[in-house]
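# Descriptive analysis of the structure
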Amino acid sequence: MKNDYYWLIKHFDDQTLDYIRGRFDKESGLAFLERFINLQEEALCLQKAGVPPESEQGQALAQAFWGMVMDFTGGDMAMLPKLMDIGRFAQADGEWKEKQAIVNRYIEPALDAYFTKLGTNPFEEGKK
């Protein structure tokens, strides 16, 4: 059976793949991956159009992206460092890695602005 998302999945470690298999069935897993790809593309489009991450559109993207992260983790904040490592795709091919870096350069300040507006930062919680 052909998996259209193999190019992405191959970058996950065994622990993450086990988590995904336990959390998602085939249908919900594919829907999640499509959502991820769509948000990636939206970030690229907004960045290319010069839309600031702090803008209404950038903040809508940040909210949707954070919602996706929360859906993936089930609210388990201990998974955030792992997701951040995965999001860097250190082992990815040049084209994908470059695309991800561009997306991250937009998503990161958009999320910073989003969390500032909410008055919380889940990446800083529990570090005191």
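Everything below is about the structure printed above this text.
Quick summary incoming for the structure in this document. (Residues numbered from 1 in each chain as written. Predicted model: local features only at pLDDT ≥ 70, side-chain atom pairs only at ≥ 80, totals over all residues. Heavy atoms only, no water.)

Where helix α3 (residues 26-48) meets helix α4 (residues 56-73), the closest approach of the two axes is 11 Å, and the angle between their N-to-C directions is 155 degrees. Taken together, the axes of α3 and α4 lie roughly antiparallel to each other. In this structure, α3 meets α4 at a crossing whose hand is left-handed. The segment α3 lies against α4, with F32, R35, F36, L39, E42, A43 and L46 engaging Q57, G58, L61, A64, F65, G67, M68, D71 and F72. Considering only residue class, the contact of α3 with α4 consists of 10 nonpolar, three polar and three charged. (Axes fitted to C-alpha atoms, helices over the stretch in contact; angles between N-to-C directions. Helix = DSSP H or I, 4+ residues; strand = E, 2+ residues; numbered from the N terminus. Parallel < 35°, antiparallel > 145°, perpendicular 65-115°, else oblique. Left-handed = near helix turned anticlockwise from the far one by under 90°. Contact = heavy atoms within 4.5 Å. Nonpolar A, V, L, I, M, F, W, Y, C, P; charged D, E, K, R; others polar.)

A few words now on α3. Taking 1.5 Å as the rise per residue, α3 with 23 residues should run 33 Å; its terminal C-alpha atoms sit 33 Å apart, in good agreement. Restricting attention to buried positions, one finds in α3 the residues G29, F32, L33, F36, I37, L39, Q40, A43, L44 and L46. Of the residues that open α3, the one with a side-chain oxygen 3.2 Å from the backbone nitrogen of E27 is D25. Following α3 by one or two positions, G50 has its phi on the positive side, about 80 degrees. (Expected span 1.5 Å × (residues − 1). Buried < 20%, exposed > 50% of the residue type's maximum accessible area, 1.4 Å probe, protein only. Polar contact = N/O pair within 3.5 Å; in protein donor to acceptor, adjacent residues only side chain to side chain.)

Here we come to the environment of F32. Residue placement: F32 occurs in helix α3. By relative accessible area, F32 is classed as buried at 14%. Taking the C-alpha atoms as reference, F32 lies 8.8 Å from D71; in sequence the two are 39 residues apart. When residues no more than four places from it in sequence are discounted, the contact partners of F32 are F24, M68 and F72.

In terms of nonpolar packing, the biggest core is built from 29 residues, with L61, F65, W66, I107 and L111 touching the most fellow members. Mapped by element, the contributors of at least two residues to this core are α2 (14-23), α3, α4 and α6 (94-118). No other element matches the eight residues that α6 contributes to this core. Here L111 is in contact with A62, F65 and W66, once residues within four sequence places are set aside. (Core = buried A, V, L, I, M, F, W, Y, C linked by side-chain atoms within 4.5 Å.)

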